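Structural features, examined
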Number of protein chains: 2
Amino acid sequence: MRRRMGVEERRQQLIGVALELFSNRSPDDVSIDEIASAAGISRPLVYHYFPGKLSLYEAALKRAADELAERFVEPHEGPLGARLLRVTGRFLGFVDEHGPGFSALMRGGPAVGSSTTNALIDSVRQAAYDQILAHLGVTAPPARLELVVRSWISLAESTALIWLDGRRIPRAELELQLVHDFAALAAVSAAYDDEMALLLGGILADEPADGPFADLLGRLAALAPRAVLP
Amino acid sequence: MRRRMGVEERRQQLIGVALELFSNRSPDDVSIDEIASAAGISRPLVYHYFPGKLSLYEAALKRAADELAERFVEPHEGPLGARLLRVTGRFLGFVDEHGPGFSALMRGGPAVGSSTTNALIDSVRQAAYDQILAHLGVTAPPARLELVVRSWISLAESTALIWLDGRRIPRAELELQLVHDFAALAAVSAAYDDEMALLLGGILADEPADGPFADLLGRLAALAPRAVLP
């Protein structure tokens, strides 16, 4: 029993060390020697716990995926706009911390195409989708709502990836923009579909006048005439 | 000289046959035997022209990428909203024709992670990005414009992928929605940034009152009070 705990502890330590190295440099550039050295053990001992770099990479990815999914959890209290802003902030914090590893993973890292990796990425997307639907209080989403939520999750991923390439926009601005993007995509859908308009109306009815959603609508309304008139 | 033409013609025929098979079923499920049979030649002869399925897949993908990039080309005439709507229509037409192959490729097909495949996908994204900037008449895009354009391209990809899974929304509606999404993402950026507001103002100044951009702004303005007031 005692020895088993030791094995598991060592595995967890190696996963932590590997995750930190994979987060700060492209996983392709991280060697098993480096991981062994950072963990203070020998290279053969690393192989004792993990048969190869891919299995250690997948274990590190699993821990990162669990950590990210935990950040999606938000109490069902208060206005939805503020909730989404907090979760989006934690998501971008995660991306910021794991930048190079996140980029490598999403752009085609060492284990891309492996079914384990793809399943992990999909499970994180699904966790985000499930959380958003739960906050919206919707159990059987119409096709247009599913499209808005899933495509926004994909937009959040790609926005984060584009941002990581140079970080030319302040992170706080990006967080607010993503929340606004969600409102904008929902509004586009609602502008042409009554079911979505009803849903959006219900969400906005509970939004405070100084929340991120109301603020955007005010600014867009102000923008429209200014922009259309030369 | 004559024989060389024959070789190239045969290669092109095989690429066409393979592209059609890869478009209608997941490439993983298409065998070299099937390709040979559809082309009316023997299996060893296929291998004479392409060393393996991966090289034939990559050649088919190259042709599809070229075809898609051609569909992005649009005359620089008339309102921008109508131009974007035409190009988006051709893009979704392409996705519709090559559905299973497009899904497999973007979700992790047989050659995902291969540098050739990733470079091809990136080159198509870059072609779309270059075209949009050219139509906007912008050569040195500010960071926020680059983010809007690149993230919209990614949104168009993911929207198409989500749509392919069941096709529960009419294609024509999706085309218009994507054009509106572009306007909405640009408007969100413009609502908080003067440079983007100036750019958007310039675009909207030339839009006709019955174009897709003006129509959306009118509907959003109508939606705002309806939605905010319970």
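Residues numbered from 1 in each chain as written. Chains lettered and ligands numbered in written order. Predicted model: local features only at pLDDT ≥ 70, side-chain atom pairs only at ≥ 80, totals over all residues. Heavy atoms only, no water.

In the annotation of an unreviewed UniProt entry, chain A is listed under the name TetR family transcriptional regulator and assigned to Streptomyces alboflavus.

With that settled, consider the relation of the copies chain A and chain B. Of the two same-sequence chains, chain A is brought onto chain B (RMSD 0.0 Å, axial shift 0.0 Å) by a rotation of 180 degrees. This pairing of chains is accounted for by a two-fold axis. Counting the interface residues of chain A, we find that 100% of their copies in chain B are interface residues as well, pointing to one common contact surface. (Least-squares fit on C-alpha atoms with pLDDT ≥ 70 in both. Contact = heavy atoms within 4.5 Å.)

As a further point, take the interface of chain A and chain B. It is common to report an interface's size as the accessible area lost on association of the parts. Each partner contributes to the interface: chain A provides 49 residues, whereas chain B provides 49 residues. Between chain A and chain B the total buried area reaches about 4,200 Å² when both faces are included, carbon and sulfur atoms providing 68% of it. With a shortest N-O distance of 2.7 Å, A:Glu173 and B:Arg144 are connected by a salt bridge. Counting across the chain A and chain B interface gives eight residue pairs in polar contact (both at pLDDT 80 or more). Elements supplying a minimum of two residues to the side of chain A that touches chain B: helix H6 (99–108), helix H8 (143–164), helix H9 (171–192), helix H10 (194–205) and helix H11 (212–228) of chain A. A class-by-class count of the residues in the side of chain A that touches chain B yields 29 nonpolar, ten polar and ten charged. (Buried area = accessible area lost by both parts, 1.4 Å probe. Salt bridge = Lys/Arg side-chain N within 4 Å of Asp/Glu carboxyl O. Polar contact = N/O pair within 3.5 Å; in protein donor to acceptor, adjacent residues only side chain to side chain. Helix = DSSP H or I, 4+ residues; strand = E, 2+ residues; numbered from the N terminus. Nonpolar A, V, L, I, M, F, W, Y, C, P; charged D, E, K, R; others polar.)

The next thing to look at is the packing of aromatic side chains. According to the stated counting rule, one finds six aromatic pairs over all chains in the structure shown. Centroid distance A:Phe91 to A:Phe102: 6.4 Å. Interplanar angle 75 degrees. Geometry classified as edge-to-face. You can see A:Phe91 sitting in helix H5 (residues 80–97) and its partner A:Phe102 sitting in helix H6, a full eleven residues away along the chain. A:Phe102 matches A:Phe91 in its accessibility class, with the two residues each being buried. Measuring from ring centre to ring centre gives 5.3 Å for B:Phe22 and B:Tyr57, while their planes differ by 75 degrees; the resulting arrangement is edge-to-face. Of the two residues, B:Phe22 is situated in helix H1 (residues 2–24) and B:Tyr57 in helix H4 (residues 53–71); the sequence distance between them amounts to 35 residues. A single burial state applies to B:Phe22 and to B:Tyr57, both of which are buried. The ring of A:Tyr129 is capped by A:Arg150, whose NZ or CZ atom sits 3.7 Å from the centre of that ring. (Phe/Tyr/Trp six-rings, centres within 6.5 Å; stacked < 30°, edge-to-face > 60°. Buried < 20%, exposed > 50% of the residue type's maximum accessible area, 1.4 Å probe, protein only. Lys NZ or Arg CZ within 6 Å of the ring centre and 35° of its normal.)

Inspection of the secondary structure puts A:Glu146 in helix H8. Contacts of A:Glu146, omitting those with residues within four sequence positions, involve A:Tyr129, A:Pro141 and B:Arg168.

With that settled, the discussion passes to the environment of A:Ile162. Within the fold, A:Ile162 resides in helix H8. Owing to a relative accessible area of 19%, A:Ile162 belongs among the buried residues under this scheme. Spatially, the C-alpha atom of A:Ile162 lies 9.2 Å from that of A:Ser103, the residues being 59 residues apart in sequence. Apart from the residues lying within four places of it in its own chain, the contact partners of A:Ile162 are B:Leu147, B:Arg150 and B:Ser151.

Before going further, it helps to examine helix H5 (residues 80–97) of chain B. When the terminal C-alpha atoms of H5(B) are compared, their 26 Å separation across 18 residues agrees well with the 26 Å that a helix rising 1.5 Å per residue should span. Residues of H5(B) that are buried include every one of B:Leu80, B:Gly81, B:Arg83, B:Leu84, B:Val87, B:Thr88, B:Gly89, B:Phe91, B:Leu92, B:Gly93, B:Phe94 and B:Val95, and no others. (Expected span 1.5 Å × (residues − 1).)

Moving on to the nonpolar core. As a rule of thumb, nonpolar side chains are buried together in soluble globular proteins. Residues A:Ile35 and B:Ile35 are the most contacted members of the largest nonpolar core, which totals 158 residues. Excluding residues within four positions of it along the chain, A:Ile35 makes contact with A:Leu14, A:Val17, A:Ala18, A:Leu21, A:Phe22, A:Val30 and A:Leu56. (Core = buried A, V, L, I, M, F, W, Y, C linked by side-chain atoms within 4.5 Å.)

This part covers the pattern of salt bridges. The final tally for this structure, using the stated rule, is 34 salt bridges over all chains. Here A:Arg86 ties to A:Glu74 by a salt bridge, and the two come within 2.6 Å at their closest N and O atoms. With A:Arg86 in helix H5 and A:Glu74 in the loop between helix H4 (53–71) and H5, the pair connects residues that are twelve residues apart, well separated along the chain. On the basis of relative accessibility, which here comes to 41%, the residue A:Arg86 falls in the partly exposed class. A salt bridge links B:Arg90 to B:Glu74, with the nearest nitrogen and oxygen atoms 3.0 Å apart. Of the two residues, B:Arg90 sits in helix H5 while B:Glu74 sits in the loop between H4 and H5, which places them 16 residues apart along the sequence. Look at B:Arg90 and you get partly exposed, because its relative accessible area is 27%. A relative accessible area of 6% means that B:Glu74 is categorised as buried. Each of A:Asp96, A:Arg167, A:Arg171 and A:Glu175 takes part in one network of salt bridges that share partners.

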